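As a plain string of letters, each chain reads:
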Amino acid sequence: MPAEPAFARWTEGLEATGLAKRVRAIPASARIHAALREQIIGMEIAPGSALQEKQIALACGVSRTPVREALLKLADERLVDIFPQYGTFVSRISVPAMHDAMVIRDALERAAVRGAAIAATEAAITRLRNILTEQRTTHEAGHLTAFHAADETFHQAIAEIAGHPNLWRVVRQEKAHVDRCRILSLPSPSRRIDVMADHEAIFEGIASRDPDKAEAAMRAHLDQVLPSVGMLVKAHPGYFEGVDQAPVAPVHADGTPVQPAPVNGTTSAPKANGTRTRRVKAEAVLAEADAELKASRQTTRKTSSKTPRERTR
């Protein structure tokens, strides 16, 4: 979806809910980062799409500086790729990053669910049961965004019941590429049914205060994530990178590939499968490009000031 209408809808929503005053107290770069992150993870902005600083700034009514800061933070999170002189593009879903995220998630969520099974009170069990009821309702109504939100709430609640809410914060931060893949799978009713069945098994382990049973159910649930990627790659090949470690080049908004810019006299294609342009790297490359441009201008001025006879020497 184009960035401008999405930002307009986002701003209208803030006004309608009465949160605008509180949100305005948050730095503009943080607001823009949050909105863009939500749209990228929610697949409202497709992988490979170009992000225009000027367009976003106009839509948000801010200068380009906070937009640039937001994009640099998204680059840190590997959700956008910044190519100096060519633009900023939404990163493709990185299969290697998904593998890394699932290793982290497996370790933290298994620890959380064991803790929840030990610490769960009757109130906590009721809370989880209500979340599962809500998720089933959203599934039957076909409300995919609400279904995903209930899924997130279920896992977050487990970490909170275990007494380690920060575990979920870390998991949420690391699993951005996983979430994008999951969003693609949600239109499948069978996939949603499998998720609910897994959640029921996890719930039963916690409700019975059986840490081993709860952990086994959580591990079985998480083990289903990566095997489903192959089908999604076949259905949306342009959305993924790192499949068999093959790099996928970024494209412009019109679908044409981004060509590499000369760096230090050489030309090399930017790699999208493992090399991410993060804050330090982006700033360093921009500084290098500025230095080269200044040096080139100085050389041009010196050459133009010479006489024709001196230039031929």
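Described in the following lines is the structure provided in the data block. Note that this is a predicted model, so its numbers are computed, not measured.

So, the packing of helix H4 (residues 53-60) against helix H5 (residues 64-76)
Step number 1: With their axes 9 Å apart at the nearest point, H4 and H5 run at an angle of 115 degrees to one another. In this structure, H4 meets H5 at a crossing whose hand is right-handed. Along the contact surface, H4 presents Glu53, Lys54, Ile56 and Ala57, while H5 presents Arg64, Val67, Arg68 and Leu71.
Step number 2: Of the residues belonging to the contact of H4 with H5, the class tally is four nonpolar, no polar and four charged.

Some thoughts on the sheet that holds strand E3 (residues 87-90)
Step number 1: Reading across the sheet, the three strands line up as E1-E3-E2 and stay open at both edges, with antiparallel pairing between neighbours. Where the open sheet ends on each side, the last strands, each with one partner, are strand E1 (50-51) and strand E2 (80-83).
Step number 2: Bridge count between E2 and E3: four bridges; the pairing is antiparallel. Across the sheet, residue Phe83 finds its bridge partner in E3, namely Gly87.

Structural notes on the nonpolar core
In summary, soluble globular proteins display a tendency toward joint burial of nonpolar side chains.
Step number 1: Counting residues in each nonpolar core, the largest one holds 39 residues, and the members touching the most others are Leu128, Ile158, Ile202, Ile206 and Phe240.
Step number 2: When residues of this core are assigned to their parent elements, the largest contribution, eight residues, is made by helix H6 (residues 95-119).
Step number 3: In terms of nonpolar packing, the next biggest core, distinct from the first, is built from 19 residues, Leu36, Leu51, Ala57 and Ala75 among them.

Structural notes on empty space enclosed by the protein
Step number 1: Throughout the structure, instances matching the rule amount to four cavities of 30 Å³ or more.
Step number 2: Roughly 110 Å³ of volume is contained in the largest cavity.
Step number 3: Every residue along the wall of the largest cavity is listed here: Arg105, Phe147, His148, Asp151, His155, Arg182, Ser185, Leu186, Arg191, Val195, His221 and Val225.
Step number 4: Going through the elements one at a time, helix H8 (144-161), helix H10 (176-185) and helix H11 (189-207) are the ones with two or more residues in the lining of the largest cavity.
Step number 5: No other element matches H8, which puts four residues into the lining of the largest cavity.
Step number 6: By residue class, the composition of the lining of the largest cavity is four nonpolar, four polar and four charged.

Criteria and thresholds
Residues numbered from 1 in each chain as written. Predicted model: local features only at pLDDT ≥ 70, side-chain atom pairs only at ≥ 80, totals over all residues. Heavy atoms only, no water. Axes fitted to C-alpha atoms, helices over the stretch in contact; angles between N-to-C directions. Helix = DSSP H or I, 4+ residues; strand = E, 2+ residues; numbered from the N terminus. Left-handed = near helix turned anticlockwise from the far one by under 90°. Contact = heavy atoms within 4.5 Å. Nonpolar A, V, L, I, M, F, W, Y, C, P; charged D, E, K, R; others polar. Pairing = 2+ DSSP bridges. Core = buried A, V, L, I, M, F, W, Y, C linked by side-chain atoms within 4.5 Å. Buried < 20%, exposed > 50% of the residue type's maximum accessible area, 1.4 Å probe, protein only. 1 Å grid on protein atoms, 1.4 Å probe; cavity = no way out; pocket = protein on both sides within 12 Å on 5 of 7 lines; lining within 4 Å. Points joined across faces, edges and corners; volume = space filled by probe spheres on them.

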